[in-house]
Amino acid sequence: MAKDNTMKKNTINNFNYLFFSSEKQTWKTPKALYKKLNDEFHFDFDPCPSNAKFNGLVVNWKNRNFINPPHKTQNFWIKKAYLESTKSIQKVKGFPYKRKICVMLLPARPDVKIFHEVIIPYAYEVRFIKGRLKYDEHKNSALFPSMIVVFDQQKRLQPYLSEVKFSSYDFR
């Protein structure tokens, strides 16, 4: 019986390792997806580019930010993106201050705590990507679904999932 339990445990561990871990934690955003988002949002800063020479978690971000964070530290990046989106960028005559926009490419995991504590209450939009993303540097699609999260406090609606704007992209 002990042998059966050990074998079962090893099988589960191997399954979890195979599908939920990777030595590589940064994946370059597919060019077609980035272009589509950039055409819409006109990004002026990427706080976590490949081979960054700075720590994007401690610097101030610019006005329109694109974030494809390393998976192991994505919770820090999600919180930072929300906080950055609450900062003013300029005063417009007769109007309130404009806010920064942060657009994130994330694994779609609506079952995790941060989705319910930060994304649902504070995101302006959650866009689920239809199918699995195909990263340009890999021949196979991602092992997980993906979503685009937009933090735009200037446009944010009520903090309820049923009222968050949802849409999808198909980049298969």
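No experiment lies behind these values; they were computed from the predicted model shown. (Residues numbered from 1 in each chain as written. Predicted model: local features only at pLDDT ≥ 70, side-chain atom pairs only at ≥ 80, totals over all residues. Heavy atoms only, no water.)

Caption draft 1: How the structure looks around the overall build of the chain. A tally of helices and strands in the chain yields 4 helices and 7 strands. When each of the 172 residues of the chain is scored for burial, the buried share is 36%. At a minimum sequence separation of 6, the contacts of the chain that also span at least 24 residues come to 65%. Surface summary for the chain: the accessible area is close to 11,000 Å², and the carbon and sulfur share equals 55%. (Helix = DSSP H or I, 4+ residues; strand = E, 2+ residues; numbered from the N terminus. Buried < 20%, exposed > 50% of the residue type's maximum accessible area, 1.4 Å probe, protein only. Contact = heavy atoms within 4.5 Å. Areas by Shrake-Rupley, 256 points an atom, 1.4 Å probe, with all protein chains shown as cover.)

Caption draft 2: Fine view of the environment of Phe41. Mapped onto the fold, Phe41 is located in helix α2 (residues 31-41). Those residues in contact with Phe41 that lie beyond four places of it in its chain are Arg64, Ile101, Val103, Arg127 and Val150.

Caption draft 3: Inspection of the side chain of Ser146 at higher detail. Here Ser146 is to be found in strand β6 (residues 146-152). Not counting chain neighbours up to four residues away, the residues in contact with Ser146 comprise Leu105, Leu106, Pro107, Ala108, Arg127, Phe128, Ile129, Leu133 and Tyr135.

Caption draft 4: Geometry of the nonpolar core. Ile67, Ile78, Met104, Ile119, Met147, Val149 and Phe151 are the most contacted members of the largest nonpolar core, which has 22 residues in total. Broken down by secondary-structure element, the contributors of at least two residues to this core are α3 (74-85), β4 (101-107), α4 (113-122) and β6. Per element, the largest residue contribution to this core is 5 residues, and it comes from α4. Contact partners of Ile78, with chain neighbours within four places excluded, come to Met104, Leu106, Ile114, Val118, Ile119 and Phe151. If you look at the next biggest cluster of nonpolar residues, it comprises 17 residues, including Phe41, Leu105, Tyr124 and Phe144. (Core = buried A, V, L, I, M, F, W, Y, C linked by side-chain atoms within 4.5 Å.)

Caption draft 5: Expanded view of the pairing of β6. Burial runs high along β6: 7 of the 7 residues are buried. Of the two faces of β6, the one carrying Ser146, Ile148, Val150 and Asp152 and the one carrying Met147, Val149 and Phe151 are both buried. Across 7 bridges, β4 lies against β6 in antiparallel orientation. Counterpart to Leu106 in the pairing with β6 is Met147. (Pairing = 2+ DSSP bridges.)

Caption draft 6: Geometry of empty space enclosed by the protein. Counted under the stated rule, the structure contains 1 cavity of 30 Å³ or more. Quantified by volume, the largest cavity comes out at close to 50 Å³. If you list the elements that add at least two residues to the lining of the largest cavity, you get α3, β4 and α4. The dominant element in the lining of the largest cavity, judged by the number of residues it contributes, is α4, at 3 residues. Its residues assigned to classes, the lining of the largest cavity comprises 8 nonpolar, 1 polar and 1 charged. (1 Å grid on protein atoms, 1.4 Å probe; cavity = no way out; pocket = protein on both sides within 12 Å on 5 of 7 lines; lining within 4 Å. Points joined across faces, edges and corners; volume = space filled by probe spheres on them. Nonpolar A, V, L, I, M, F, W, Y, C, P; charged D, E, K, R; others polar.)

Caption draft 7: View of the packing of α3 against α4. Contact geometry for α3 and α4: axes closest at 11 Å, N-to-C directions at 25 degrees. The angle between α3 and α4 places the two elements in the roughly parallel class. You can see that α3 and α4 cross each other, and the crossing is left-handed. When α3 is examined against α4, the residues Asn75, Ile78, Lys79 and Tyr82 are found in contact with a partner set consisting of Ile114, Val118, Ile119 and Tyr122. In the contact of α3 with α4, the residues fall into 6 nonpolar, 1 polar and 1 charged. (Axes fitted to C-alpha atoms, helices over the stretch in contact; angles between N-to-C directions. Parallel < 35°, antiparallel > 145°, perpendicular 65-115°, else oblique. Left-handed = near helix turned anticlockwise from the far one by under 90°.)

Caption draft 8: Summary view of the side chain of Ser85. Within the element layout of this structure, Ser85 appears in helix α3. By relative accessible area, Ser85 is classed as buried at 0%. Here Gln153 takes part through its side chain, which lies 3.3 Å from a polar atom of the side chain of Ser85. (Polar contact = N/O pair within 3.5 Å; in protein donor to acceptor, adjacent residues only side chain to side chain.)

Caption draft 9: Just α3, in detail. The end-to-end C-alpha distance of α3, which contains 12 residues, comes to 16 Å, matching closely the 16 Å that a straight helix rising 1.5 Å per residue would cover. Buried within α3 we find Gln74, Trp77, Ile78, Lys80, Ala81, Tyr82, Glu84 and Ser85. (Expected span 1.5 Å × (residues − 1).)

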